[in-house]
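Chain by chain, the residues:
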Amino acid sequence: MIRFDSVTKIYPSQARPALDDISLEIEKGEFVFLVGASGSGKSTFLRLVLREEKTTSGTVFVAGKDVGTLSNWKVPQLRRQIGTVFQDFRLLPNKTVFENVAFGLEVTGRPQHAVMKVVPEVLELVGLSGKEDRYPHELSGGEQQRVAIARAFANRPMILIADEPTGNLDPHTSVGLMKLLDRINRTGTTVVMATHDAAIVDQMRKRVIELDRGLLIRDQSRGVYGFAR
Amino acid sequence: MRPSLIVSEARTGLRRNMTMTTAAVLVTAIALAMFGAALLVSRQMNYLKGYWYGKIEVSIYLCGDNSDTTSCPDGAVTDAQRQQIQADLEALPQVEKVYYESKQQAYEKFKEQAQDSAMLSYITPDALPESFRVKLVNPEQDYTIVASKFDGAQGVERVVDQRAILDRLFAALNVFRAIAWLIGIVALVAMVLLIAVVIRVAAFSRRRETGIMRLVGASNFSIQAPFLLEGVFVGVVGALLASSFLWALYLLFFNALKVKIPLFAALFLSGGAIWWASGVLLLIGVGVTVVVSFLGLQRYLKV
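The structure contained in this document is the topic of the report that follows. Owing to the predicted nature of the structure, the values given are computational and were not obtained by experimental measurement.

### Topic: the overall build of chain B
Along chain B, the regular secondary structure elements total 10 helices and four strands. Relative to the compact-globule value of 19 Å for 303 residues, chain B shows a C-alpha radius of gyration of 30 Å, a clear excess of over 25%. Projected onto its principal axes, the C-alpha coordinates of chain B cover approximately 100 × 40 × 30 Å. A buried classification covers 43% of the 303 residues belonging to chain B. Across chain B, every contact between residues at least 6 apart in sequence was considered, and the portion connecting residues at least 24 apart equals 82%. As displayed, chain B has an accessible area near 16000 Å², and 65% of this comes from carbon and sulfur atoms.

The following block contains the structure:
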């Protein structure tokens, strides 16, 4: 589903590569944790998958396509196949829960009747039925992140990318959120989650890819966050 | 993205930056009005030029009873001299047409032009000279030939190139026109810059929305369309205001003059010219805003 072929990324203003000759493959339906300290290259990894950045050398394949050669106007097509969730939720404060999820569908050109059908479905999946008309500020952090997940998942993407989704949440809420991501993973969606949350990684026992200063230092199936911590 | 959604996004954007939008509309209106004024000044001048130059060519004034004695030592022109001059004129290959204007005709013309003027009561037909009005095939080059041939001829008081007088008038008007264009273009530049700022501010204030749109894979067009629409709105409303201003100016000032003074009716542009200018302004308003919005957004909405 995602394949990195000797990928190196050097940002113009920096001497040290953000990613240094990374090669790995993530299969369809996998659940992968991307761990590492700040500046280890996790975000760059995700940005390359989303084609927000291009590699300096090497190739990134998403769903069999070389995203580096994708023309600009085709990038939106790629992103419709990838759902994205962030630490800061990125919800629209002046739209309700329902409207926030619907917005993601509407702007990609889904017809109204499809929106009316899909939004209640995903809201039920993430456990927010009955809170459709709330505004983001009326929800807890965990609930806001569920809205973001609902929006990311509404398009039924092949891949769900989560960049520290539990970063702003307490441990208990985080566990609930991980259950939700696990459920989404079971529908066949590939989940790639960058995180600092050792407890979650240790508990989930999924594949762990660890980056350190741009280098791939560990790729372990059913791994834990780290040994020397 | 559905058109209704694009429209509603644009409307939200305009409402959210109400002050900025109003400023942009006003500046656009003022800039386009100035530009339109420059357009009309130019057109008016071309029109005047065509009108005057079409009518006035070379005048050969004949000696009359009151003529200067140095050029007319023998007094008023005789019938034989008049016929000779006319025959000579008609024989010249450079001459396209010759009109004879008698004292009476000159008086009628004067009366028509100086309507209501106090001068009219002092002037009698005899005070005005009779003349030949000569239309040249090629006025720029042939004037000297004709002038040298008839200046000092028997019965001719003087040869006047009316165009020379007009040239001086139009030289002054040209300066006026250049100033009008300068102001119009400077105003247009101000308008372009302000619209660029407005679009940037709109893009900045909606960066959350556009960020999410990019994230979920909205097409570039869907992301840009609301901003383009905002720009077009500013351009259209500005152009309409500017056109209304030009119309008001025309109806209240020029048209009023035309009704009062019939001579002006022939000299001033008609409403058709204002329609034309309004159309040009609308095109410029929409064209400029679309281009500016589009270019201004490229940097902001990079994938």
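### Quick notes on the sheet that holds strand β3 (residues 31-35) of chain A
All names here are of chain A. Pairing within the open sheet is mixed, and its six strands lie in the order β6-β7-β8-β3-β9-β10. Strand pairing shows two members of the sheet lacking a second neighbour, β6 (82-86) and β10 (215-220), which therefore form its edges. The average undirected angle you get between the axes of adjacent strands in this sheet is 15°. Relative to strand β8 (residues 190-195), β3 runs parallel, the two being bridged by five bridges. Bridge pairing in β8 links F31 to V191.

### Some points on the side chain of B:E209
Here B:E209 lies in helix α7 (residues 207-216). Not counting residues up to four positions away in its chain, the partners in contact with B:E209 are A:L92, A:N94, A:F103 and B:R16.

### Some points on the sheet that holds strand β4 (residues 156-161) of chain B
All names here are of chain B. Spatially, β2-β3-β1-β4 is the arrangement adopted by the four strands of the open sheet, whose pairing is antiparallel. Strand pairing shows two members of the sheet lacking a second neighbour, β2 (95-101) and β4, which therefore form its edges. With direction set aside, neighbouring strand axes in the sheet form an average angle of 20°. Direction of pairing for β2 relative to strand β3 (residues 131-136): antiparallel, over a ladder of six bridges.

### Re the interface of chain B and chain A
Listed as interface residues are 18 residues of chain B and, on the opposing side, 26 residues of chain A. With both chains or domains summed, chain B and chain A bury close to 1800 Å², and 59% of this area falls on carbon and sulfur atoms. For the interface between chain B and chain A, the tally reads zero salt bridges. Put simply, chain B and chain A have two residue pairs in polar contact (both at pLDDT 80 or more) between them. Every element with two or more residues in the side of chain B that touches chain A is listed here: α1 (3-16), α7 and α8 (220-260) of chain B. Examining the composition of the side of chain B that touches chain A, we find that seven residues originate from one element, α7(B), more than from any other. Of the residues contributing to the side of chain B that touches chain A, the split by class is eight nonpolar, four polar and six charged.

### Some thoughts on helix α4 (residues 112-125) of chain A
For the α-helix, the turn length of 3.6 residues means that residues three or four positions removed from each other point alike. Residues and elements named next belong to chain A. Compared with the 20 Å implied by 1.5 Å per residue over 14 residues, the 20 Å span of α4 between its first and last C-alpha is a close match. Residues A114, V115, V118, V119, V122 and L123 constitute the buried set of α4. Residues of α4 that are buried sit in contact with α3 (97-106) and α5 (141-154). Backbone geometry just downstream of α4 places G127 in the positive-phi region, at approximately 80°.

About the criteria used
Residues numbered from 1 in each chain as written. Chains lettered and ligands numbered in written order. Predicted model: local features only at pLDDT ≥ 70, side-chain atom pairs only at ≥ 80, totals over all residues. Heavy atoms only, no water. Helix = DSSP H or I, 4+ residues; strand = E, 2+ residues; numbered from the N terminus. Rg over C-alpha atoms; globule rule 2.2 N^0.38 Å. Buried < 20%, exposed > 50% of the residue type's maximum accessible area, 1.4 Å probe, protein only. Contact = heavy atoms within 4.5 Å. Areas by Shrake-Rupley, 256 points an atom, 1.4 Å probe, with all protein chains shown as cover. Pairing = 2+ DSSP bridges. Axes fitted to C-alpha atoms, helices over the stretch in contact; angles between N-to-C directions. Buried area = accessible area lost by both parts, 1.4 Å probe. Salt bridge = Lys/Arg side-chain N within 4 Å of Asp/Glu carboxyl O. Polar contact = N/O pair within 3.5 Å; in protein donor to acceptor, adjacent residues only side chain to side chain. Nonpolar A, V, L, I, M, F, W, Y, C, P; charged D, E, K, R; others polar. Expected span 1.5 Å × (residues − 1).

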